[in-house]
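Fold and geometry: a report
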Amino acid sequence: MLPLGGAMALVTVNLRAVTSWVGIARLFAILLSCISFSLVASTRNFGPPYGTWCMFSWCFCFIVTVLIVLLELLELYPKLPLSWDDFTSAFSMLAALMIFTSSVVFPSAFITSPCSSSSCMRQAAATAMSCLCFLAYALEVGLTRAKPGDISSFLSTVPGLLKVFEAYVACLIFSLLDSYGSQPGLQWCVAVYSICFIVTLLIIIFTIGRCLSYMPCPLEKVLVAYNALAMVMYLTAIVIWPFYSFNNKSRPSPCGANCSWNKHLGVTFLTIFNFLAYLVDLVYSTKMVFIRTPS
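Quantities reported herein were computed from a predicted structural model and do not represent experimental measurements.

1. A look at the overall build of the protein
What the protein contains, in helices and strands, is nine helices and two strands. In sequence order, the protein lays out its α and β elements as β-β-α-α-α-α-α-α-α-α-α. In the protein, which comprises 295 residues, the share counted as buried stands at 42%. In the protein, once contacts between residues fewer than 6 apart in sequence are set aside, the share between residues at least 24 apart is 76%. Here the protein has roughly 15,500 Å² of accessible surface; of this, 72% comes from carbon and sulfur atoms.

2. Focus: the UniProt feature "transmembrane region" (unreviewed entry) in the protein
Under the local residue numbering, the UniProt record ascribes the feature "transmembrane region" (unreviewed entry) to residues 20–41, 53–71, 91–112, 124–143, 185–212, 224–244 and 264–284. Helix makes up 100% of residues 53–71 and strand 0%. Its end C-alpha atoms lie 27 Å apart. The annotated region residues 124–143 carries 100% helix and 0% strand content, and the separation between its end C-alpha atoms amounts to 29 Å.

3. Quick word on the confidence of the model for the protein
Counting all residues, the mean pLDDT for the protein is 85, and 88% of those residues have values of 70 or more. The model gives residues 4–9 a pLDDT under 50, and that stretch makes three contacts with residues more than four places away or in other chains.

4. A few points about the layout of surface pockets
For the largest pocket, the calculated volume is near 1,400 Å³. Across the lining of the largest pocket, the residue classes break down as 38 nonpolar, seven polar and one charged.

5. Thoughts on the packing of aromatic side chains
Here a ring pair, both rings aromatic, is described through the centre-centre distance and the interplanar angle of the planes. Inspection of the entire model under this criterion finds 16 aromatic pairs. Summarising the aromatic geometry, the rings of tryptophan 84 and phenylalanine 87 are spaced 5.6 Å apart at their centres and angled 40° between planes, so their arrangement reads as tilted. Here the residue tryptophan 84 and the residue phenylalanine 87 both occupy positions in helix α4 (residues 84–110), the gap between them amounting to three residues, near one helical turn. With a centroid separation of 5.3 Å and an interplanar angle of 50°, the aromatic rings of phenylalanine 100 and phenylalanine 134 are classed as tilted. Within this pair, whereas phenylalanine 100 is found in helix α4, its partner phenylalanine 134 is found in helix α5 (residues 118–144), the two being separated by 34 residues in sequence. A residue is classified by how much of its surface remains accessible, and phenylalanine 134, at 24% relative accessible area, is partly exposed. Feature note: the residues Trp53, Phe56, Phe60, Phe91 and Tyr137 constitute an aromatic cluster, connected by ring pairs.

6. Some remarks on the side chain of threonine 207
Within the element layout of this structure, threonine 207 appears in helix α7 (residues 184–208). Here isoleucine 203 takes part through its backbone oxygen, which lies 2.6 Å from a polar atom of the side chain of threonine 207. Among all residues touching threonine 207, those that are not within four sequence positions of it are Ser83, Asp86, Phe154, Leu155 and Leu212.

7. Some words on unusual backbone geometry
Positive phi, normally seen in glycine, also occurs at glutamate 75, with a value near 55°. Along the polypeptide, glutamate 75 turns up in the loop between α3 (50–73) and α4. Judged by its relative accessible area of 22%, glutamate 75 is partly exposed.

Calculation rules
Per chain, residues are indexed from 1 in the order of the written sequence. Reporting of local features is limited, given that this is a predicted model, to residues whose pLDDT is at least 70; pairs of side-chain atoms are given and counted only at 80 or more, and all residues count toward the totals for whole chains, interfaces and linings. For side-chain calculations, the full set of non-hydrogen atoms in the structure is used, while hydrogens and water are omitted. Here a strand is any run of E in DSSP of at least two residues, a helix any run of H or I of at least four, and the numbering for each starts at the N terminus. Burial status follows relative accessibility: with a 1.4 Å probe on protein chains alone, a residue under 20% of its type maximum counts as buried, one over 50% as exposed, and anything between as partly exposed. It only takes one pair of heavy atoms within 4.5 Å for two residues to be counted as in contact. Each accessible area is a Shrake-Rupley result for a 1.4 Å probe, and residues are judged covered by the shown protein chains and nothing else. UniProt positions are given in the numbering used here, feature names are shortened, and annotations may be inferred rather than shown by experiment. What pLDDT expresses is the predictor's confidence in each residue, scored from 0 to 100. In this analysis a 1.4 Å probe is tested at points of a 1 Å grid over the protein atoms alone, and where it fits but cannot get out there is a cavity; an open set with protein on both sides within 12 Å along at least five of seven lines is a pocket; lining residues have an atom within 4 Å of a point. Grid points are joined across faces, edges and corners, and a volume is the space filled by probe spheres set on the points. Residue polarity follows a fixed list, in which Ala, Val, Leu, Ile, Met, Phe, Trp, Tyr, Cys and Pro are nonpolar, Asp, Glu, Lys and Arg are charged, and the others, Gly among them, are polar. Any Phe, Tyr or Trp ring, taking Trp's six-membered ring, that has another such ring centre within 6.5 Å forms a pair; planes under 30 degrees apart are called stacked, those over 60 apart edge-to-face, and the others tilted. Pairing of N or O atoms within 3.5 Å defines a polar contact, subject to two protein rules: one partner must be a possible hydrogen donor and the other a possible acceptor, and residues neighboring in sequence count only if both atoms are side-chain atoms.

Dropping the structure here:
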């Protein structure tokens, strides 16, 4: 700890915020995300919707990570009315997912072969930096993940990280939804996505805001019941969504990026991913609640 003099005497500097392995991973994430959006900005070719999303992801992760490092460096985070460990764990998982998505979407949408122009080379370099940035955030997730038996910070446990993943995948599903209003089966699936997203998001927000302790019922068992219900609801969506979306419907030709058939196929795969996430979440939550490891 290094005390600052004068008017800043009450502020201390915690150098571990930038010298620990977690701090180093965050510094790399800051540098790599900055390089990524700077390279893409220099090409002036990042139109909506995919380019705008990628630029938002890099800039958002850069800004929030800088704030996290500064708050830990100056030891100001204890003054915030939130669970800092839960917040940083949730953000690192979210950032890893956002940067991973951008690392896949951006080259698919903007890089063409052969890549010989200066603009294309910068786009390729930005993609490479984005991939490395994803690895930096993934390293942070691994370093901050709670050890078996440690549940002091829920969002740093496997079920907590899965909650962030489930909410993010639901957001991706919403981004692909277009036509579903005329068929009750598709309406049910959208209701499944919406209900599970809202409940999962509330769990994340209440955890970060330290509000879950006020619940009048045992939280751990409520989460197990919710995960089981969400898994069953997603199981129905796995069957109903493709049945109503593809029954007696062939893929049109041509079918570009905004083709409804492709979007419905994307929703199908994302539904399967979230079903598996809720299944793993249920297994881990059940193990944490009902299976006690002898100390």
